[in-house]
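Each chain, letter by letter, is given below.
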Amino acid sequence: MSKYLPDWLKRPTPSIGKSLSVNKILKQLNLNTVCQSAKCPNLLECFSGGTATFLILGNKCTRHCRFCAIPSSNESAMSAEQMAKEPAEITQAVIKLNLKHIVITSVTRDDLVDGGSGYFAKAVRSIRNNCSSVTIEVLTPDFNGNTNAVKTVANARPDVFNHNLETVPSLYQSIRPKANYQLSLDLIRFVKDNYPGIITKSGLMVGLGEKKEDVLPVLKNLVKYGCDVVTIGQYLKPVASADTIPVQRFIPPEEFEQYRKNAMELGFKGVSAGPFVRSSYNAYEFVQS
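These figures come from a predicted structure and were not determined experimentally.

Enquirer: Sorry, what's going on with the packing of aromatic side chains here?
Expert: The way to describe two aromatic rings as a pair is by their centre distance and the angle between their planes. A complete count under the given rule lists 2 aromatic pairs for this structure. Arranged with centres 6.3 Å apart and planes meeting at 90 degrees, the rings of Phe120 and Phe143 form a pair that is edge-to-face. In this pair, Phe120 sits in helix H5 (residues 117–130) while Phe143 sits in the loop between strand S4 (135–139) and helix H6 (147–154), placing the two residues 23 residues apart along the sequence. Of the two residues, Phe120 and Phe143, neither departs from the other in class, the shared state being buried.

Laid out in structure tokens, this is it:
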């Protein structure tokens, strides 16, 4: 398939580096990563660098967004007992991998009363109690607008609270039919209004069928609703995932650079835009002093 990609999306395969040892630790601790479950194109690069983005609450999602390779199911195959072990297991992984910054995300669990927010909070607190110098980022689902669930996570005091809009509002019905654009904006505003010391972050994919002129209003809305940091990356159809939609357009690097400039001019404190940018890719850069 690579021969059909534009030149800017072709790059050398990274050295294996630490990837085998990272994978071994993940298996030993029975941990999921979004890198593996979502078939991220940056997987080998991140694993080779000794890092990963942890996926809690199982590896089956109660929603079916058409850009995502994670399997969809109305209920998880992971038991409550297994989920209860994840905070301690992730903490052990942080220690073994000697991480300085960690990103914790999850599948969406609409089947849980609190959306899984309690497990996010337990993971953050476990890391805080055992690895005090590590900075922590959470990348959460929308919790169906449940502000108590958002409070549960934010009260654990992660350094970064990330919630992705993913795409422009006109594509929600076809791409994210169970999500709500306004609800996601409201979540970001709630965190910023009530926890001003926490960095708020969101991310967009482009190449899903949006028009260039659709992106700037989304960036303006994010600033208006208190978002500090934004990431903008190229949507790439996950390999061997028949249910996900094909790429509608490959965005050239100069267009990403224009998005970056536009976002900085709007007042974002941090912007990352480029073909291989992902929400948690090089996430530590935004919390470095």
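Enquirer: Looking at this model, I keep getting lost on the pairing of strand S6 (residues 199–206). Mind explaining?
Expert: Every other side chain in a regular strand lies on the same face of the sheet, so the side chains alternate between the two faces. Burial analysis of S6 places 7 of its 8 residues in the buried class, which makes it a mostly covered element. Judged from the 3 bridges that link them, strand S5 (residues 160–162) and S6 form a sheet pairing that is parallel. In the sheet register, Phe161 faces S6, and the bridge partner there is Thr200.

Enquirer: I tried to follow helix H9 (residues 212–224) on my own but got confused; where do I start?
Expert: For an α-helix the count is 3.6 residues per turn, leaving residues at separations of three or four pointing the same way. Along H9, the positions that sit buried rather than exposed are Val215, Val218, Leu219 and Leu222. The buried residues of H9 all sit within an arc of 100 degrees when viewed along its axis, so they share a single face. Those residues of H9 that are exposed and aimed more than 90 degrees away from the buried face are Glu213 and Lys224. In the segment just after H9, Gly226 is the residue with positive phi, at about 90 degrees.

Enquirer: Explain the nonpolar core here, please?
Expert: Nonpolar side chains tend toward joint burial in soluble globular proteins. Ranked by internal contacts, the top residues of the largest apolar core, which has 43 residues, are Phe54, Ile90, Val94, Ile102, Ile104, Ile127 and Phe161. Breaking this core down by element, the ones donating at least two residues are helix H1 (19–28), strand S2 (53–56), helix H4 (80–97), strand S3 (101–106), H5, S4, H6 and helix H8 (181–194). Counting residues per element, this core draws most heavily on H5, which supplies 6 residues. Setting aside anything within four residues of it in sequence, one finds Ile90 in contact with Leu31, Phe54, Ile56, Ile102 and Ile127. Judged by nonpolar contacts, the second largest core, of 31 residues, contains Tyr181, Ile251, Phe256 and Phe268.

The rules behind these values
Residues numbered from 1 in each chain as written. Predicted model: local features only at pLDDT ≥ 70, side-chain atom pairs only at ≥ 80, totals over all residues. Heavy atoms only, no water. Phe/Tyr/Trp six-rings, centres within 6.5 Å; stacked < 30°, edge-to-face > 60°. Helix = DSSP H or I, 4+ residues; strand = E, 2+ residues; numbered from the N terminus. Buried < 20%, exposed > 50% of the residue type's maximum accessible area, 1.4 Å probe, protein only. Pairing = 2+ DSSP bridges. Arc of directions from axis to C-beta. Core = buried A, V, L, I, M, F, W, Y, C linked by side-chain atoms within 4.5 Å. Contact = heavy atoms within 4.5 Å.

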